[in-house]
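# Fold and contact review
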Amino acid sequence: MKRLQIWDHVILLSGVFFMVAPVVLAFITSTHDAVTIYRSGLQFGFGDQGLQAYEDVLFRAGGFTKEVNGLVMLKNSLILGLGFAIGKIVISMLAAYAIVYFRFPMATFCFWIIFSTLLLPLEVRILPSYEIVQQLGMVNTYQGLIVPLIASATGTFFFRQFFMSVPDELTEAARIDGAGPWKFFIDILVPLSKTMMAAIFIIMFVYGWNQYLWPTLITTDESFFTLVRGIKQILQVWVGAQIPDYDQIMAMAILAMLPPVIVVVIFQSWFVKGLVESDK
Amino acid sequence: MKKVQFQSRLIPYLLLLPQLGIVGVFFLWPAAEAVRSSFYLEDPFGFGSTFVGFDNFIDTVTSTDYGRVARFTGVFTFFVTALSLGIALLLAVKADKVLRGASSYKTLLMWVYAVAPPVAGLIGILLFDQHVGPIVDLVAMFGWEMQVGVSYSDTAIAMVVAAVWKQVPVNFIFFLSGLQGISKSVQEAASIDCRSGFRRFWTVTFPLLAPTGFFLLIINITYAFFDTFGIIDVILKTEPGNNPVTLVYKVYLDGFRGNDLGGSSAQSVILMALVFILTIIQFRLIERRVHYT
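Computed from a predicted model, the values in this text were never measured in an experiment.

## A short note on the nonpolar core
Counting residues in each nonpolar core, the largest one holds 164 residues, and the members touching the most others are A:Tyr97, A:Ala253, A:Ala256, B:Val119 and B:Phe172. Considering each element in turn, this core owes the most residues, 16 residues, to helix α4 (residues 70-101) of chain A. The residues touching B:Phe172, leaving out its near neighbours within four places in the chain, are B:Ala88, B:Leu91, B:Ala92, B:Leu109 and B:Met110.

## Some words on unusual backbone geometry
Residues and elements named next belong to chain A. Of note, the phi angle at Met106 is positive, near 75 degrees, even though the residue is not glycine. On the basis of neighbour counts, which here come to 11 C-beta atoms within 10 Å, the residue Met106 falls in the exposed class. Residue Asn140 is not a glycine yet carries a positive backbone phi of 60 degrees. Checked against the element boundaries, Asn140 lands in the loop between α6 (126-135) and α7 (142-150).

## Here we look at the UniProt feature "transmembrane region" (unreviewed entry) in chain B
Residue and element names in this part refer to chain B. According to UniProt, the positions carrying the feature "transmembrane region" (unreviewed entry) are residues 12-32, 72-93, 105-128, 200-226 and 266-286. Helix makes up 100% of residues 72-93 and strand 0%, whereas the separation of the span's terminal C-alpha atoms amounts to 31 Å. A helix fraction of 100% and a strand fraction of 0% characterise residues 200-226, whose end C-alpha atoms lie 37 Å from each other.

## Here's the deal with the packing of helix α3 (residues 52-59) of chain A against helix α14 (residues 246-266) of chain A
Residues and elements named next belong to chain A. Running from N to C, α3 and α14 point in directions that differ by 75 degrees, and their axes come no closer than 9 Å. The angle between α3 and α14 places the two elements in the roughly perpendicular class. Contacts between α3 and α14 pair Ala53, Tyr54, Asp56 and Val57 from the former with Asp247, Gln248, Ala251, Met252 and Leu255 from the latter. Of the residues belonging to the contact of α3 with α14, the class tally is six nonpolar, one polar and two charged.

## Quick notes on the packing of helix α11 (residues 194-209) of chain A against α14(A)
How two helices pack is summed up by the angle between their axes together with the distance between the axes. Residue and element names in this part refer to chain A. At a minimum axis distance of 10 Å, the contact between α11 and α14 shows a crossing angle of 165 degrees. In terms of axis orientation, α11 runs roughly antiparallel to α14. Along this stretch, α11 crosses α14, giving a crossing that reads as left-handed. Contacts from Ile202, Phe205, Val206 and Trp209 of α11 reach α14 at Pro259, Pro260, Val263 and Val264. Here the residues of the contact of α11 with α14 are counted per class, giving eight nonpolar, no polar and no charged.

## What to know about the interface of chain B and chain A
By a widespread convention, an interface's size corresponds to the accessible area lost as its parts come together. On the chain A side, the residues contacting the 77 residues of chain B number 79 residues. With 16 residues, helix α1 (residues 11-37) of chain B is the largest single contributor of residues to the side of chain B that touches chain A. Looking at the side of chain B that touches chain A, its residues break down into 53 nonpolar, 15 polar and nine charged.

## As for the environment of B:Pro240
Residues and elements named next belong to chain B. Relative to the helices and strands, Pro240 resides in the loop between α10 (229-235) and α11 (247-257). A residue is classified by how many C-beta atoms lie within 10 Å of it, and Pro240, with 16 of them, is partly exposed. With 22 residues separating them along the chain, Pro240 and Gly262 place their C-alpha atoms 21 Å apart. Not counting residues up to four positions away in its chain, the partners in contact with Pro240 are Val245 and Leu253.

## Considerations on the UniProt feature "domain: ABC transmembrane type-1" (unreviewed entry) in chain B
In the numbering used here, UniProt assigns the feature "domain: ABC transmembrane type-1" (unreviewed entry) to residues 70-282 of chain B. The span residues 70-282 of chain B carries 77% helix and 0% strand; its end-to-end C-alpha distance comes to 22 Å.

## Looking at the UniProt feature "transmembrane region" (unreviewed entry) in chain A
The feature "transmembrane region" (unreviewed entry), as given by UniProt, occupies residues 78-102, 109-130, 142-163, 184-207 and 249-272 of chain A in the numbering adopted here. Across residues 142-163 of chain A, the secondary structure splits into 86% helix and 0% strand, with the terminal C-alpha atoms separated by 31 Å.

The rules behind each value
- Residues numbered from 1 in each chain as written.
- Chains lettered and ligands numbered in written order.
- Predicted model: local features only at pLDDT ≥ 70, side-chain atom pairs only at ≥ 80, totals over all residues.
- Core = buried A, V, L, I, M, F, W, Y, C linked by C-beta atoms within 7 Å.
- Buried ≥ 20, exposed ≤ 12 C-beta atoms within 10 Å, placed from the backbone.
- Helix = DSSP H or I, 4+ residues; strand = E, 2+ residues; numbered from the N terminus.
- Contact = placed C-beta atoms within 7 Å.
- UniProt positions renumbered as here; feature names shortened; annotations may be inferred.
- Axes fitted to C-alpha atoms, helices over the stretch in contact; angles between N-to-C directions.
- Parallel < 35°, antiparallel > 145°, perpendicular 65-115°, else oblique.
- Nonpolar A, V, L, I, M, F, W, Y, C, P; charged D, E, K, R; others polar.
- Left-handed = near helix turned anticlockwise from the far one by under 90°.

Below, the structure written as structure tokens:
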């Protein structure tokens, strides 16, 4: 029995190594200057540059971008992540409430319209989506960045499942006490959904923060770049460079992953619950 | 639907308005536009378009380039799905079994979920870089000169490794929660009847995990098709050249770089049909899963 357990740990530790080592290596290497990295490859011990690369990326414009520095991109990433998560939760809770708690003609029709969006990811209809956003004059705006991403019904589907599991007795009791639909929603349903809202908030924040293709198309003005969008700029500079700024490239990668990783690790139990339940 | 419901003429429509508005403008309209323009040939100088029926589809499907990309997408999807499911299942089974450090393992194995695909691609391309990449140095000791970005197959390998790295956590989370959902009494009964741990896994645990596995299979295929865009774009350093690309990447290339609106739309429509089929299968599986639990 004892011997078997050791092998289990060996397998798990190799798994952990596979997941963690690339990022640790990137972090350690980012503490060396670009020339050292260019000469002798990725580094396995800390260098004497410290966190200089992070300072450069965060506060100095003109590494990969001409006008904006990392702080502006960090701010834009936050706006995209928070705006997307909050917008999605509000809109999909309202829609799910209407679908589950109201009897009205066209209900089934609306249901299918909304859920048809689950069928087609944005990547498939990327060109016409871009053209429409362009026609509406929403290129290089936060609305153009966030609102089209909300069009998929994952959140609505999730809240619909949850509302269906809320016992009918609550609604009956509320109605006997004279609560209207609005009061019932605010005073009973929203408080009941708190854990679910938190879980879906985390998933959506990470999803919004990590968007790449859509921001690269919609934001051409540097002041709207997000950190993940900034990676596209790195690549364009990289191809032409003699000695690429490896240290700053790695600092940028670490910075772009840090906030969502922290959120997921801290709120791990909510996030796992949300992920597993939402896809059921 | 609920047995107890509210009656109102106006409120449900008001509640649905924001969602329906966004779906209408940013989903239905572009989807319809994609279908429409797949039947038209756009004038390259922007002077109108001509109806060409199924020509765009025929051109797309019969072009040798499309065949090559479709084949690569199939191979890529197979390896990404098989490897990330296999590794995740192994790790989940072990993480479910160990007594000490289970929660630390869990955290360390799932945090990569939060890493964006292009960031995964960026770290991947550094590890596989000609000048600085340790993996290139490592395989060079075995006489393999890896040239990511130059050699077709080497680039494909880097893409698969980065895509698997990014996908293992999701599968791990689902497998682990599936394993933890198997009741203790079933496991105890099995361990009395069957002493071999390996056989017990195949005959008892694995069949009980099958619904989760099928569900994840669809999720992984969808991932390999669509969500790997960022990984591929970064590993190619946005310059595909002769390197492998997937079908979704080709839709983007032909539409935005090649300005072939009709061809790109026809490819979109083909992909739509494919996702449609996958989603129908997924819904049926979800219904089955609900029956089981």
